[in-house]
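Close look at the chain arrangement
Listed below are the residues making up each chain.
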Amino acid sequence: MANSCCYHDIYQWLQNLPVIAQWQSNSMSICICSSTTPSSHPSLNLSAAQNLQSSSTISFSIVADFSLPIFLWSSNPIKINTKSSKLLENDSISSLLINIIEEVLSYGSKTCTSLPKIPKLDSISSFRDVFNLAFLTLTFLICTYEAPEDLRLACLNHLKNQLANCQLRGASRLLMKSLGSNIEEKWMRSINLAITNWIAELKATHETLRTPSPLFSYAVSTLGLWKVQLYCPVIAMDTESSRNSADDRLLFSLKYHQLEGVIQLNHKVTVKEKWVDIMVNIDNLRYDETIHFHKLRLIFYIDFEINLKLRVLNRCDVIELVNRTLMAERGVGDEEKHFPSRISLQLTPVLQTNIFSVSVSKSSDNPTREIGIEKSIETSFDPPNTYLGLKVSAGETMTMSLKPWKFEESVNGYSGMLNWFLHDSFDGREVSSTKPSKMALFNPKAWFKHRYSSAYRPFTRQGGVVFAGDEYGDSVHWKVDKSVIGMTMEWQIKGWIWLTYLPNKYRTFYNETRRLEFKEILSLTIA
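Since this is a predicted model, take the numbers as computed values, not measurements. (Residues numbered from 1 in each chain as written. Predicted model: local features only at pLDDT ≥ 70, side-chain atom pairs only at ≥ 80, totals over all residues. Heavy atoms only, no water.)

Our focus in this paragraph is the overall build of the protein. When helices and strands are tallied, the protein shows nine helices and 21 strands. Taken over 527 residues, the protein has a buried fraction of 50%. Nonlocal contacts in the protein, meaning residues at least 24 apart in sequence, comprise 72% of its contacts between residues at least 6 apart. As presented, the protein carries roughly 25200 Å² of accessible surface, and 50% of it is formed by carbon and sulfur atoms. (Helix = DSSP H or I, 4+ residues; strand = E, 2+ residues; numbered from the N terminus. Buried < 20%, exposed > 50% of the residue type's maximum accessible area, 1.4 Å probe, protein only. Contact = heavy atoms within 4.5 Å. Areas by Shrake-Rupley, 256 points an atom, 1.4 Å probe, with all protein chains shown as cover.)

Attention now goes to helix α3 (residues 127-145). Under the 1.5 Å per step criterion, the end-to-end length of α3 is 27 Å for 19 residues, consistent within 8% with the ideal 27 Å. Counting buried positions along α3 gives 17 out of 19 residues, so the element sits mostly inside the fold. (Expected span 1.5 Å × (residues − 1).)

Right, let's get into the sheet that holds strand β8 (residues 238-243). In sheet architecture, strand pairing relies on hydrogen bonds along the backbone and comes in two forms, parallel and antiparallel. If you trace the six strands from one edge of the open sheet to the other, you get β8-β21-β20-β13-β18-β17, paired in antiparallel fashion. On the outer flanks of this sheet lie β8 and β17 (405-412), each paired with one strand and no other. Between one strand and the next, the sheet's axes are offset by a mean angle of 15°, whatever the strand orientation. Pairing geometry for strand β13 (residues 339-349) and strand β18 (residues 415-422), over six bridges, is antiparallel. Looking across to β18, one finds that Leu-345 is bridged to Leu-418. (Pairing = 2+ DSSP bridges. Axes fitted to C-alpha atoms, helices over the stretch in contact; angles between N-to-C directions.)

This brings us to the packing of helix α5 (residues 166-179) against helix α6 (residues 181-204). One can describe the packing of α5 onto α6 by two numbers: an axis separation of 7 Å at closest approach and a directional angle of 135°. Compared by their axis directions, α5 and α6 come out oblique. For the pair α5 and α6, the contacting residues are Leu-175, Met-176 and Leu-179 in the first and Ile-183, Glu-184, Trp-187 and Met-188 in the second. In the contact of α5 with α6, the residues fall into six nonpolar, no polar and one charged. (Parallel < 35°, antiparallel > 145°, perpendicular 65-115°, else oblique. Nonpolar A, V, L, I, M, F, W, Y, C, P; charged D, E, K, R; others polar.)

So, about the packing of aromatic side chains. Evaluation of the coordinates by the stated rule reveals nine aromatic pairs. Seen in terms of ring centroids, Phe-140 and Trp-198 are 5.9 Å apart; in terms of plane orientation they differ by 65°. Their pairing is edge-to-face. With a gap of 58 residues between them, Phe-140 in helix α3 and Trp-198 in helix α6 connect regions that are remote in the sequence. One exposure class covers both Phe-140 and Trp-198, and it is buried. Plain terms: the ring middles of Phe-442 and Phe-509 are 5.3 Å apart, the flat faces sit at 40° to each other, and that makes the pair tilted. Note that Phe-442 is positioned in helix α9 (residues 438-442) and Phe-509 in the loop between β20 (488-501) and β21 (511-525), a separation of 67 residues in sequence. (Phe/Tyr/Trp six-rings, centres within 6.5 Å; stacked < 30°, edge-to-face > 60°.)

On to the confidence of the model for the protein, then. Within the protein, residue pLDDT values average 79, and 75% of them lie at 70 or more. Under a pLDDT of 50 for its full length, residues 366-373 has, in the predicted model, 21 contacts with residues more than four places off or in other chains. Low pLDDT, under 50, characterises residues 466-473; the predicted model gives this stretch 26 contacts beyond four residues in sequence or across chains. (pLDDT = per-residue confidence, 0-100.)

All right, on to the pairing of β20 then. By the criterion of burial, β20 is predominantly enclosed, with eleven of the 14 residues buried. Pairing of β13 with β20, which is carried by ten bridges, proceeds in the antiparallel orientation. In the strand pairing of β20, Pro-349 is matched with Trp-491. One ladder, built from 14 bridges, connects β20 with β21; its direction is antiparallel.

Let us look at the packing of helix α2 (residues 90-106) against α6. Taken N-terminus to C-terminus, the directions of α2 and α6 make an angle of 60°; their axes are 8 Å apart at the nearest point. Within the contact between the two elements, α2 uses Ile-101, Val-104 and Leu-105 and α6 uses Ile-183, Lys-186, Trp-187 and Ser-190. Taken together, the residues of the contact of α2 with α6 break down into five nonpolar, one polar and one charged.

On inspection of all chains with the given rule, the structure shows twelve salt bridges. Taking the shortest distance from any N to any O, the salt bridge between Asp-9 and Arg-128 comes out at 2.2 Å. Of this pair, Asp-9 sits in the segment before α1 (10-15) while Arg-128 sits in helix α3, and the two are 119 residues apart along the sequence. Taking the relative accessible area as the measure of exposure, Arg-128 reaches 39% and is therefore partly exposed. With its nearest N and O atoms 3.6 Å apart, the salt bridge here joins Glu-517 to Lys-494. (Salt bridge = Lys/Arg side-chain N within 4 Å of Asp/Glu carboxyl O.)

What follows is about the pairing of strand β4 (residues 70-74). Judged from the four bridges that link them, strand β3 (residues 54-65) and β4 form a sheet pairing that is antiparallel. Within β4, the position partnered with Ser-61 by the bridge is Ser-74. Turn length for the β3-β4 hairpin, with the two strands adjacent in sequence and antiparallel, is four residues.

What follows concerns the environment of Glu-184. Here Glu-184 shows up in helix α6. Residue classification places Glu-184 among the buried positions, given a relative accessible area of 2%. Along the backbone, Glu-184 and Leu-105 are 79 residues apart, and their C-alpha atoms lie at a distance of 9.4 Å. Each residue touching Glu-184, except ones within four places of it in the same chain, is listed here: Met-176, Tyr-218, Gln-229 and Tyr-231.

A few words on unusual backbone geometry. In this structure, Asn-244 takes a positive phi of about 65° despite not being glycine. Positionally, Asn-244 belongs in the loop between β8 and α7 (248-255). Even without glycine at this site, His-450 takes up a positive phi of about 50°. Mapping His-450 onto the fold places it in the loop between α9 and β19 (475-481).

With that out of the way, let us pick up α6. Here α6 spans 34 Å end to end across 24 residues, near enough to the 34 Å set by a 1.5 Å rise per residue. For α6, the buried fraction is high: 17 of the 24 residues fall into the buried class. Directly beyond the C-terminal end of α6, a positive phi value near 60° is found at His-206.

Encoded structure:
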């Protein structure tokens with residue numbers, strides 16, 4: 001993927017627009033991208049035009065510049081100051097940015113939930129890059145859904161490279177933090193719905209063109225908090241295993257989902273007399289019952305001590321990208337989806353010169369086995385005047401139950417490794433790496449059947465999982481030289497998430513497991 005630090009500076013073009021009195025026509029435009037088609041060479045332009053009904057406003061449009069122009073999008077009227085020597089003041093550009101953000105959100109799945117008000121962003125740092133990011137994101141969505149075919153492919157490829165720009169990648173993190181969590185989720189669902197549609201189109205035409213970065217993640221280190229947020233459309237995750245074939249309706253349901261994850265770590269620094277202890281304690285892994293989502297959710301809590309004491313909130317959700325009506329009409333419903341089957345986290349100090357040792361406080365536990373034995377004897381006696389008949393039968397029933405999740409902690413070099421594995425409750429096999437038999441998939445009593453509604457479901461009704469803290473090992477412990485006091489240390493958090501699909505209510509033999517990998521840097525000042 002291209003990672004050039006050059007991109008179309010639309011913000012600068014807006015800043016340099018002359019006052020209307022100096023325009024030579026009713027509009028001015030700039031080329032965003034052009035087609036590579038030799039015959040026509042159409043282009044995609046951003047156009048600014050006077051409003052004939054009001055001399056105090058102008059509007060902006062994205063136009064496919066063919067011999068007969070096609071208007072793909074138009075902004076709300078933007079106020080201008082006719083007495084100023086500058087066409088667009090900061091307030092005008094800020095209003096245009098809010099209009100652009102609202103348009104991006106409108107391309108997501110329509111829901112009844114209201115969103116918080118979009119804040120003004122003109123006071124944030126790197127406003128120029130944030131504006132350009134938002135505009136190019138909207139242009140990408142418009143190209144995906146609205147652009148003519150002979151212009152769409154070239155422009156999407158061009159915009160993909162633009163959005164991979166190093167400055168805009170940084171601006172995307174800043175924009176997400178400024179918008180807030182609710183708007184951020186809807187923003188990412190709009191983008192990943194478009195990416196899903198594009199990937200589906202490329203696969204249908206056997207194109208090898210790479211899509212925009214399918215995994216978006218960012219990290220925050222501030223005010224005693226570490227946070228990693230990540231999003232990835234399921235269709236873009238690497239396929240580790242797949243068996244049998246799926247019909248079009250099932251594939252529709254499976255591909256129109258995205259993975260959303262968050263890891264939050266609250267840390268507290270405590271310095272020993274002669275050294276610094278850094279400790280990661282597994283405190284709890286449970287479902288958050290105070291929030292009700294129709295999602296698949298895993299939540300992890302980890303204590304981290306320096307003496308670093310850290311509590312992790314890790315959420316892993318599989319979210320539908322289209323509404324339930326469409327899922328029912330074109331797919332097989334929203335209950336046929338992937339679920340997390342394995343999660344691995346690796347925490348590693350980036351600079352290891354001052355590290356003395358690392359250890360785990362407790363070895364991994366085996367899954368608990370609960371075995372019950374039931375014995376019974378049945379007898380019968382035939383009446384007189386018949387052949388003497390005494391029948392005796394004895395039976396013995398053994399039941400075994402395995403906890404579906406197993407936790408392991410280990411050390412690799414100076415890295416602390418935390419792993420959660422989902423196992424089949426019947427045979428104990430690891431779900432993410434097992435190829436189930438057709439009999440297992442068709443068995444109506446299999447644990448993964450009716451997994452969101454059965455009384456014996458392995459998940460909560462909302463799709464979550466509940467774990468108690470005493471099931472796991474206590475901590476991963478680093479001993480560090482006291483010279484780190486006053487320094488800002490960096491940790492690399494690297495993770496892998498596996499999603500598995502097994503039939504829920506739909507009758508199919510299809511099953512698959514997908515995986516993604518993420519990596520972020522977190523900082524901590526030892527004071």
